[in-house]
Amino acid sequence: MTKTTLHSLLDMKRSGEKIACLTAYDATQSHLVSSQKADIILVGDSVGMVVQGHESTVPVTMEDMLYHTRCVARGNTCSLVMADLPFMACATLDQAYRNAAALMQAGADMVKIEGGSWLCETVSGLAARGIPTCLHLGLTPQSVSMLGGYKVQGKDPEAARKISEDAHRLEAAGADMLLLECVPTALARDVSCAATVPVIGIGAGADTDGQILVFYDVLGMTPRRVPRFAKNFMSEESTPAAAVSRFVADVKSGLFPASEHSFGA
């Protein structure tokens, strides 16, 4: 199978082919997800909640992310591997450069960073140094204390304007991809249409260029309250591989997400 690259993701956006992305945290999950032709694997700092049992992603360290990125890279066959920079791992330019380089050396093809246009200098510096970036906007779990909980973002006109403006500025600074989490469908559609880079959604409606879910949510293994945007694909299939394959197929065909997995204004 041909490995997914930044160029192939751009081709998918231009052609209208949806991009399917799942998280993975170890070599076995990575092999399963990539063998079912997911375009992107995210080594997410969600590992802190779904693997380590924390209440948030904040306790996840760079050492954690490096370990899990190495594991995922070893199991991957064809997906583009994206890895999170964890909480406060890019508080300064020096930290961002050093930590992003470490993730790339561990096997990532791209790093994901949570935050808005204040990161433009960081994004430009990483791009100049050959490190691709995905910028995470909307509900940013590392900032959940500031956001007042896991709530839909961008519902009022000013908040929507800020997210759109951040997306534009970050792309201009050199971001290679954007991720929108828990924003109204109309806002996600506008950002996706305006951007020339791929826009991945989670709880952002069906009009983004692609979709991402957490591996355990797809398999119905979530011990906590299941997010509205998630779907248990194991309820329709008999094996984890079949459930992942169904997720990829439903993203590609536009069957997922449906309206019940999305948010209005």
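All values reported here derive from a predicted model rather than from experimental measurement.

Definitions and cut-offs
- Residues numbered from 1 in each chain as written.
- Predicted model: local features only at pLDDT ≥ 70, side-chain atom pairs only at ≥ 80, totals over all residues.
- Heavy atoms only, no water.
- Helix = DSSP H or I, 4+ residues; strand = E, 2+ residues; numbered from the N terminus.
- Axes fitted to C-alpha atoms, helices over the stretch in contact; angles between N-to-C directions.
- Parallel < 35°, antiparallel > 145°, perpendicular 65-115°, else oblique.
- Left-handed = near helix turned anticlockwise from the far one by under 90°.
- Contact = heavy atoms within 4.5 Å.
- Buried < 20%, exposed > 50% of the residue type's maximum accessible area, 1.4 Å probe, protein only.
- Arc of directions from axis to C-beta.

### Some remarks on unusual backbone geometry
Reasoning step 1: Cis rather than trans, the peptide bond between Phe256 and Pro257 has omega equal to 0 degrees.
Reasoning step 2: Within the secondary structure, Pro257 is located in the segment after α11 (240–253).
Reasoning step 3: Phi at Met88 takes a positive value of approximately 65 degrees, unusual for a residue other than glycine.
Reasoning step 4: Note that Met88 resides in the loop between β3 (80–84) and α5 (93–106).

### Details of the packing of α5 against helix α6 (residues 120–128)
Reasoning step 1: It is the contact of α5 with α6, at a shortest axis distance of 10 Å, that shows an interaxial angle of 40 degrees. Relative to α6, α5 is oriented oblique. Considering only the axes of α5 and α6, their crossing is right-handed. Seen from α5, the contacting residues are Leu93, Ala96, Tyr97 and Ala100; seen from α6, they are Glu121, Thr122, Gly125 and Leu126.

### Some remarks on helix α1 (residues 6–15)
Reasoning step 1: Where α1 is concerned, the buried positions are Leu9, Met12 and Lys13. For α1, the angular spread of buried residues about the axis comes to 100 degrees, placing them on one side. Set apart from the buried face of α1 by more than 90 degrees, the exposed residues are His7, Arg14 and Ser15.
Reasoning step 2: Elements in contact with the buried residues of α1: β1 (19–23), β2 (40–43), β3, β6 (177–181), α9 (185–194) and α11.
Reasoning step 3: Count one or two residues on from α1 and you reach Gly16, which has phi positive near 85 degrees.

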